[in-house]
Amino acid sequence: MNLTRTMSPHDAPGLLYCGFNQDFGCFAIGLDKGFRVYNCDPLIEQARNETGEGGIALIEMLYRTNYLALVGGGRNPRYPPNKVVIWDSIKGKPVVELEYKSQVKNCKLRRERLIVVLANKVFVYQFSLHPQLLHMMETADNEKGLAAVSSSQYHAILVVPGQQRGHLQIIDLQQEGPPQTASLIAAHSGKLSCLALNHDGSKCATASDKGTLIRVFNTATATLLNELRRGMDRAEIFSIAFNHDSTRLCVSSDKGTIHVFNLDPSVVTMSDHKPRGPTYGQVVVHPSQSPSQFGLTHSGNRGSSLSFMKELLPKYFSSEWSFAHARIVTESRCIVAFGEEKNTILGYWWKELED
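Just so you know, these numbers come straight off a predicted model, no measurement behind them. (Residues numbered from 1 in each chain as written. Predicted model: local features only at pLDDT ≥ 70, side-chain atom pairs only at ≥ 80, totals over all residues. Heavy atoms only, no water.)

**A short note on the overall build of the protein chain**
In terms of helices and strands, the protein chain carries 0 helices and 30 strands. Considering only contacts in the protein chain between residues 6 or more positions apart, those separated by 24 or more positions represent 41%. Of the roughly 17100 Å² of accessible surface on the protein chain, a fraction of 49% belongs to carbon and sulfur atoms. (Helix = DSSP H or I, 4+ residues; strand = E, 2+ residues; numbered from the N terminus. Contact = heavy atoms within 4.5 Å. Areas by Shrake-Rupley, 256 points an atom, 1.4 Å probe, with all protein chains shown as cover.)

**Let's talk about the sheet that holds strand E2 (residues 26-31)**
With respect to topology, 4 strands assemble into an open sheet ordered E1-E2-E3-E4, the strand pairing being antiparallel. Unpaired on one side and paired on the other, strand E1 (15-20) and strand E4 (44-49) mark the two borders of the sheet. Strand-to-strand twist across the sheet, computed as the mean angle between neighbouring axes with direction ignored, equals 15°. (Pairing = 2+ DSSP bridges. Axes fitted to C-alpha atoms, helices over the stretch in contact; angles between N-to-C directions.)

**Thoughts on unusual backbone geometry**
The phi torsion of most residues other than glycine is negative, and most of the peptide bonds are trans. Of the consecutive residues Asp41 and Pro42, the connecting peptide bond is found in the cis state with omega at 5°. Residue position: Pro42 is located in the loop between strand E3 (34-39) and E4. With a phi angle near 65°, Ala222 is a residue other than glycine that sits in the positive phi range. The class of Ala222 is partly exposed, set by a relative accessible area of 28%. Of note in this structure, Ser246 is not a glycine but carries a positive phi near 60°. Within the secondary structure, Ser246 is located in the loop between strand E21 (237-242) and strand E22 (248-253). (Buried < 20%, exposed > 50% of the residue type's maximum accessible area, 1.4 Å probe, protein only.)

**Some details on the pairing of E2**
Every other side chain in a regular strand lies on the same face of the sheet, so the side chains alternate between the two faces. Burial runs high along E2: 6 of the 6 residues are buried. Inspection of the sheet shows E1 paired to E2 by 5 bridges, in the antiparallel sense. Looking at E2, one finds that Gly19 is bridged to Ala28. A loop of 5 residues connects E1 with E2, the two strands running antiparallel in sequence, and Phe24 in this loop sits at a positive phi of about 60°. In textbook terms, the turn of a hairpin is the stretch between consecutive antiparallel strands, and for E2 and E3 this stretch comprises 2 residues.

**A word on the environment of Leu133**
With respect to the element layout, Leu133 can be found in strand E12 (residues 132-138). Among the residues examined, Leu133 registers a relative accessible area of 45% and is labelled partly exposed. Leu133 sits 19 residues away from Leu114 along the chain, and the two C-alpha atoms are 9.2 Å apart.

**Regarding the packing of aromatic side chains**
Summed over all chains, the structure comprises 6 aromatic pairs. Where Phe27 meets Tyr38, the ring centres are 5.2 Å apart and the plane angle is 15°; that geometry is what we call stacked. Taken together, the residues Phe27 in strand E2 and Tyr38 in strand E3 connect sequence positions 11 residues apart. Across the pair, Tyr38 and Phe27 agree in class, each one buried. Seen from their ring centres, Tyr67 and Phe127 are 6.0 Å apart, and the 85° between their planes marks the pair as edge-to-face. A residue pair is termed long-range when its members are at least 10 positions apart, and Tyr67 in strand E6 (residues 67-72) and Phe127 in the loop between strand E11 (121-126) and E12 qualify at 60 residues. (Phe/Tyr/Trp six-rings, centres within 6.5 Å; stacked < 30°, edge-to-face > 60°.)

**Observations regarding the pattern of salt bridges**
Overall, the coordinates contain 9 salt bridges when judged by the stated rule. Notably, a salt bridge pairs Arg48 with Glu45, separated by 2.9 Å at the nearest N-O pair. Classification of Glu45 as partly exposed rests on a relative accessible area of 35%. A salt bridge links Lys83 to Glu97; the shortest N-O distance between them is 3.1 Å. Taken together, the residues span a long stretch of sequence, with Lys83 in strand E7 (residues 83-88) and Glu97 in strand E8 (residues 93-99) at a distance of 14 residues. Relative accessible area serves as the criterion here: at 46%, Glu97 is assigned to the partly exposed category. The structure contains a network of salt bridges with shared partners spanning Lys33, Arg36, Glu45, Arg48 and Glu50. (Salt bridge = Lys/Arg side-chain N within 4 Å of Asp/Glu carboxyl O.)

Below is the structure:
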């Protein structure tokens, strides 16, 4: 998450970027004087590069390898903001530099691909010490640098904004020749604000700048799988993440909350007694009863008690709400992901930088 695009008084001074690696086992932060890399669980600092040569506004890890993609930023950028630098942490120096005519908004890495995102273009390279340009795609205005790429070694799916407002392009990077857009999805009527892919690229989750609904699509068929309601009021969505088996989704926003949704009915837990009613953090369904009799949807999320009248009432009453939520203890911006242990959430926010 690039923190330089919008400033918050609650963020730690000098913090420019924070983001997880592909398997959420590590995270990296960009600072006005360098960068750091941490292991998530246990929380251990793995690397630090703060030479005072300037700020890093974007840092993309390649799993736990020695390669990092860096883009300069802040008041005194280490590198020009229109340049991507591949840093070799073993050699302690850049090994690849790519320069563009405009500012780099984002960068994504796979073991065999390097994706660079500009405000209206996306470049896909063969990732090597001598990158070869494979594809170039145009997008609608993409100041946030929205892009997601699957991490599975068997499926290389890229998702970027389409050329129309609120639309998505799904690209299969494993096909040879010119890029083949597998699907075009009209995800939202408003501007896209956040997107995420699951591990194998079969599902894509999106949010618009309104921030009230999260939609999950099948990337192969472009069909809508889930429509999930975060809330009623407008919100800025900071992050969306699938769990490892794509049965749950977590979302963080500027409302100071983390929401967890079920995507698959099979993950709904059973109980031997009938509860008084569903509450946040509880997913209990009597084996012989339908989830709807407990105010839950088929997927185990919270639903409206009036959902049985959904054909007569506005769409809001048929919404699926998160089955669990947590409120963070700080007003700083937060990104989230699922941990390696079952039913654990990783939340990252930074209040003070320790030397």
